[in-house]
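# Close look at the chain arrangement
The residues making up each chain are set out below.
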Amino acid sequence: MTTTVCGRCKSSGAVTDHQGRQDGAVVWTILRCPTCNFSWRDSEPARAIDPAVRSADFAVDAGDLQRYPKILQQ
């Protein structure tokens, strides 16, 4: 099941960046959060992408993104 809730900032509305297909069927999807730019493949284990079980050490506060340094800029 593909979730559109970000595993890092818990924002909803992730967008699909790419879908892997085999024999015409979608086998995985890469999603990206427009809020914090985290991207993930829906076939990854829950501990990596599900905000309910993902380590809070890797979470960010979507309401205060300015507090995080920007390493890459577009």
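Notes on the structure in this doc start here.

Calculation rules
- Residues numbered from 1 in each chain as written.
- Predicted model: local features only at pLDDT ≥ 70, side-chain atom pairs only at ≥ 80, totals over all residues.
- Heavy atoms only, no water.
- Pairing = 2+ DSSP bridges.
- Helix = DSSP H or I, 4+ residues; strand = E, 2+ residues; numbered from the N terminus.
- Axes fitted to C-alpha atoms, helices over the stretch in contact; angles between N-to-C directions.
- Buried < 20%, exposed > 50% of the residue type's maximum accessible area, 1.4 Å probe, protein only.
- Contact = heavy atoms within 4.5 Å.
- Salt bridge = Lys/Arg side-chain N within 4 Å of Asp/Glu carboxyl O.
- Phe/Tyr/Trp six-rings, centres within 6.5 Å; stacked < 30°, edge-to-face > 60°.

### Quick look at the pairing of strand S2 (residues 25-32)
A regular strand places its side chains on the two faces of the sheet in alternate fashion. Where strand S1 (residues 15-22) lies against S2, seven bridges are found, and the strand directions are antiparallel. When the bridges of S2 are listed, Arg 21 appears paired with Val 26. Linking S1 to S2, which pair antiparallel, is a turn of two residues; within it Asp 23 sits at a positive phi near 55 degrees. As judged from the three bridges shared by S2 and strand S3 (residues 39-41), these two strands associate in the antiparallel manner. Residue Ile 30 lies in a different strand from S3, and its bridge partner there is Arg 41. Hairpin connection from S2 to S3: six residues lie between these consecutive antiparallel strands, with Asn 37 at a positive phi of about 70 degrees.

### Describing the sheet that holds S2
Pairing is antiparallel in the open sheet, where three strands are placed in the order S1-S2-S3. Two strands close off the open sheet at either side, each with one partner strand: S1 and S3. Averaged over all pairs of adjacent strands, the angle between strand axes in this sheet comes to 20 degrees, irrespective of strand direction.

### As for the environment of Val 60
For Val 60, the position within the fold is in the segment after helix H1 (46-49). Val 60 sits in the buried class, given a relative accessible area of 19%. Sequence separation between Val 60 and Glu 44 is 16 residues; the distance between their C-alpha atoms is 20 Å. Not counting residues within four places of it along the chain, the set of residues in contact with Val 60 comprises Arg 8, Cys 9, Cys 36, Leu 65 and Tyr 68.

### A short note on the pattern of salt bridges
One pass over the structure, following the stated rule, counts one salt bridge. Where Asp 17 meets Arg 32, a salt bridge forms, and the shortest distance between an N and an O atom there is 3.0 Å. Placement of the pair is Asp 17 in strand S1 and Arg 32 in strand S2, with a sequence separation of 15 residues. For Asp 17, a relative accessible area of 41% puts it in the partly exposed group. Taking relative accessible area as the criterion, Arg 32 reaches 29% and is therefore assigned partly exposed.

### Concerning the packing of aromatic side chains
A complete count under the given rule lists one aromatic pair for this structure. Seen from their ring centres, Phe 38 and Trp 40 are 5.5 Å apart, and the 20 degrees between their planes marks the pair as stacked. Given a relative accessible area of 14%, Phe 38 falls into the buried group.

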